[in-house]
Structure formats: structure tokens, C-alpha cells
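# Survey of secondary and tertiary structure
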Amino acid sequence: SAGTLRVRDLTIALPGPRGMADVVDGVSFDMVEGRTTGLIGESGSGKSLTAMALVGLIPDTGVATGQVLLGEENLLTAGRARIRQIRGAEISVVFQDPSTALNPTMTIGDQVGEILRSRGLSRRQARERAADLLDHVGIPDAAGRVGAYPHEFSGGMRQRAMIALALAGRPRFVLADEPTTALDVTVQARILDLLGRLRDEDNLSMLLVSHDLRVMSHVADDLVVMYAGRVCERGPAKAVLNRPLHPYTDALVRSVPSVRVRSAIADPLPGSPANPFDRPAGCPFHPRCPRAEDRCRTEVPELREIAPGRVSACHFAELAQRTPDTVAEELR
Ligand code: SF4
Ligand code: MG
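Remember, predicted model here, so these are calculated numbers, not experimental data. (Residues numbered from 1 in each chain as written. Chains lettered and ligands numbered in written order. Predicted model: local features only at pLDDT ≥ 70, side-chain atom pairs only at ≥ 80, totals over all residues.)

## Some thoughts on the overall build of the chain
Secondary structure assignment for the chain yields 12 helices and 12 strands. What you see for the chain is a C-alpha radius of gyration of 21 Å, in line with the 20 Å of a compact globule of 332 residues. Burial status across the chain gives 41% buried among its 332 residues. Of the contacts made within the chain by residues no fewer than 6 positions apart, 61% connect residues no fewer than 24 positions apart. (Helix = DSSP H or I, 4+ residues; strand = E, 2+ residues; numbered from the N terminus. Rg over C-alpha atoms; globule rule 2.2 N^0.38 Å. Buried ≥ 20, exposed ≤ 12 C-beta atoms within 10 Å, placed from the backbone. Contact = placed C-beta atoms within 7 Å.)

Right, here's the structure in full:
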């Protein structure tokens, strides 16, 4: 449907020490209207690259194949001019660092207004709507602040201004890459609340990229867990966090004690992330996996549906689904 952005078999090759390597390999997921999709993984998992590829923002030396479908249009084969048209209008990006998006020499109101005027509003209408937008993203005394410059804002306010900028073109899809990482915890929580509110009020579809499971547990409706450039698990966020169907997700959850009430102690993730340019054979997680068996070292696990809406790329995902409760049910 028009309210869904469908990513199918997205593969991104980048030049590495031993030639081109698929650092993102066969990634598929949907961004659904009114929902936040969380894209989580460690550094090198390819999550940022995946998100940026949706709007053509991969390095010039990279090659993206597969499909990013907006309706029936594949954005991966659309021309640069068409992508420019889509970016900011249909799909907007909120970056980690507001300074990459905000112009230090222009007032906040003029920057938001410039986008609005390019969409046909008069100077006066643009100024009024800019103040509305700044108010919408929670900037106090917005009308009095349209004339302020970015440096006159705090970090949290600049992040809000960038979100206003991202919303000015009335996008249906918003991509946010670690949008709160640079902020302190209190401000972080407020920005995440804001993104959730905007998603609901404007019926937006959001893609939130983060390495932080705590952030995800607060805002994501759906989760896509990436490891070494591949999706290892996908499903509704609550279900995934409560009962992971992949040992990597399980390890992530255990590394953050507050995510699951049952455990009070954090188990740090063992080992280090896979090198995306030199992915281990078989299951890329096998060198770190407590459940790895011989076949894991040679046979690549397919992403399979294990339960309705739940997919996992683990040879033994069915075992993870069996807990003492379900075994008791089966025996009854
Ligand atoms: Fe672990 Fe094997 Fe499952 Fe990979 S396929 S996550 S190594 S058990
Ligand atoms: Mg990143």
C-alpha cells in the first residue's frame, strides 16, 4: 500500500581490503504507516548504511541492489533528481548531529520557511507555519524564536529544530539515525517522546536506527535486528524483546538488565562484532554464539518464519521458542 515503504533484498557492496564486499546482504523489512520500526545492531552491522540507502545516501563507491519500494516505484533505480524530490517531501532524514542539517548563518525560522516556500507558501504563510512547526516540536515561545540562529539554541532545542525541518515538507516516512545519542539522558527521553507523539499525530512511519536497546524498548513497534550486514531477527518489538528467537537478540537483551524485568544482572555481550568485510562462514554469529554447533560453522541459516510475524535466521530458532511454559502446554 502507499502507506508502506517496502525494503526487499537490499544489498550494498562497498570496496574493502579484498575488493567489493556485500556489507549489507539481503535485508528486507516494511516501514508501516503509524508505526516505528527499530533497526538495531552493533557498530558495523550495516544499520545506518541500510537506512541511508533508502534515500540514496550511500558512499559514491558503493553499489546498492534490491528494491526500496514506495508504492510501485523502486527508489534504488530512480534518478538523482527524483530522489532529491522524494527526500524531504515523501521521506525525511533526522541525523544524529543537528549541525549537519542546520545552517549556522540562517535563522531557524528562515530555514524551515525556505522549505515551506519551495512548496508554494507565501513569505508570510511560511513564517506563520514555521512558528507552528517549532511549537509542534516543543520549542517554547516558538513565535518569538523563529528569528533565532542555531547557536542560540541548546543541543536539545537544535535537535527539535532539525525535526521541525524534517517535518516541514510533510513527509510520510522519517528516517532517524541515532537521533538522541549526542544528548543527555533527560533530553533524550523528551526527544523520543516527541518522535512518538509526532508519529501518532501525523500518522508517520518512522525508521529509528540505534545501537541502544533501551531506546528501542521505549519507542519501537517493530524491530529489525541486524548482525554483520544481515537481518537475524524481525518481529513486533515487545514479542522480540520478551522472547528473542535468535541467540544474538537474546545476548543483546541480556546485556541490558532493565529491558527485561526478570533479570537484574547484565551479561555483557561476549567477543567483538563481526567484521562486515570479512564475515565468518556459515552463521556469522557462530564465533560468539553459546549455542553454536558444527553445522553453524558451514551452513548459512535462512531467515524463516518461526511463529506468525516472527522471523529468525538461526538453525535452532524453534528451540528458543520452547520455554518451560510452552513445553508444559505441549505435555498437557
Ligand atoms: Fe548460534 Fe547456530 Fe543459531 Fe547461528 S545458527 S545463532 S551459531 S545456534
Ligand atoms: Mg551508525
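There is more to say, and it comes next.
## A look at the pairing of strand E3 (residues 36-40)
Counting buried residues along E3, five of its five residues qualify, which places the element largely inside the surrounding structure. In E3, alternate side chains face the same way, and those of Thr36, Gly38 and Ile40 on one face and Thr37 and Leu39 on the other are all buried. Summarising the sheet, E3 and strand E9 (residues 222-227) pair through four bridges and their orientation is parallel. Pairing of Thr37 across the sheet is with Asp222, part of E9. (Pairing = 2+ DSSP bridges.)

## Here's the deal with the site of ligand 1
Not every one of the 13 residues close to ligand 1 is listed here, only the nearest: Cys283, His286, Cys289, Cys296 and Cys314. Broken down by class, the residue content of the shell around ligand 1 amounts to nine nonpolar, three polar and one charged. (Near = placed C-beta within 6 Å. Nonpolar A, V, L, I, M, F, W, Y, C, P; charged D, E, K, R; others polar.)

## Details of the sheet that holds strand E2 (residues 19-32)
One open sheet accounts for four strands, arranged E2-E1-E4-E5; its pairing is antiparallel. Across the chains shown, the open sheet's two edge strands, defined by having one partner strand only, are E2 and strand E5 (73-74).

## Brief notes about the domain arrangement of the chain
Assigned domains of the chain: these are domain 1 (4-90 + 171-331) and domain 2 (108-168). Centre-to-centre, using C-alpha coordinates, domain 1 lies 32 Å away from domain 2. Contacts between the two partners involve 11 residues from domain 1, matched on the other side by 10 residues from domain 2. The greatest single-element share of the side of domain 1 that touches domain 2, amounting to five residues, is contributed by helix H7 (residues 185-202). Residue composition of the side of domain 1 that touches domain 2, grouped by class: nine nonpolar, one polar and one charged. (Domains from an automatic or database assignment.)

## Quick notes on the sheet that holds strand E7 (residues 173-177)
If you walk across this open sheet you meet the eight strands as E6-E7-E8-E3-E9-E10-E12-E11, and the pairing is mixed. Bordering the open sheet on either side are strand E6 (91-94) and strand E11 (304-307), each of which pairs with just one other strand. Neighbouring strand axes in the sheet, compared pairwise and without regard to direction, differ in orientation by 20 degrees on average. Sheet analysis places E7 next to strand E8 (residues 205-210), joined by five bridges and oriented parallel. Note that in E8 the partner of Val174 across the bridge is Met206. (Axes fitted to C-alpha atoms, helices over the stretch in contact; angles between N-to-C directions.)

## Side note on unusual backbone geometry
Its identity is not glycine, yet Asp9 carries a phi of approximately 55 degrees, on the positive side. Residue placement: Asp9 occurs in strand E1 (residues 4-16). One non-glycine residue with positive phi stands out, namely Asn203, at about 50 degrees. Mapping Asn203 onto the fold places it in the loop between H7 and E8. Residue class for Asn203 comes out exposed when judged on the 12 C-beta atoms lying within 10 Å of it.

## Quick notes on the environment of Ile91
Topologically, Ile91 is positioned in strand E6. In the structure, Ile91 is positioned 113 residues away from Leu204 in sequence and 10 Å away in space, judged by C-alpha atoms. Here Ile91 is in contact with Leu54, Val55, Ile86, Pro171, Phe173 and Leu175, once residues within four sequence places are set aside.

## Details of the pairing of strand E4 (residues 63-70)
One ladder, built from seven bridges, connects E1 with E4; its direction is antiparallel. Looking at the pairing, Leu5 lines up with Leu70 of E4. Where E4 meets E5, two bridges bridge the pair, whose relative direction is antiparallel. Of the residues in E5, the one forming a bridge with Leu69 is Asn74. Hairpin geometry of E4 and E5 is characterised by an intervening segment of two residues between the two adjacent antiparallel strands and by a positive phi of about 65 degrees at Gly71.

## What to know about the nonpolar core
Most often, soluble globular proteins have nonpolar side chains that are buried together. Counting residues in each nonpolar core, the largest one holds 88 residues, and the members touching the most others are Leu54, Leu134, Ala164 and Leu175. Here this core gathers at least three residues from each of two domains, domain 1 (4-90 + 171-331) and domain 2 (108-168). Leave out the neighbours within four places in its chain, and Leu134 touches Ile108, Ile139, Ala142, Arg145, Val146, Ala161 and Ala164. (Core = buried A, V, L, I, M, F, W, Y, C linked by C-beta atoms within 7 Å.)

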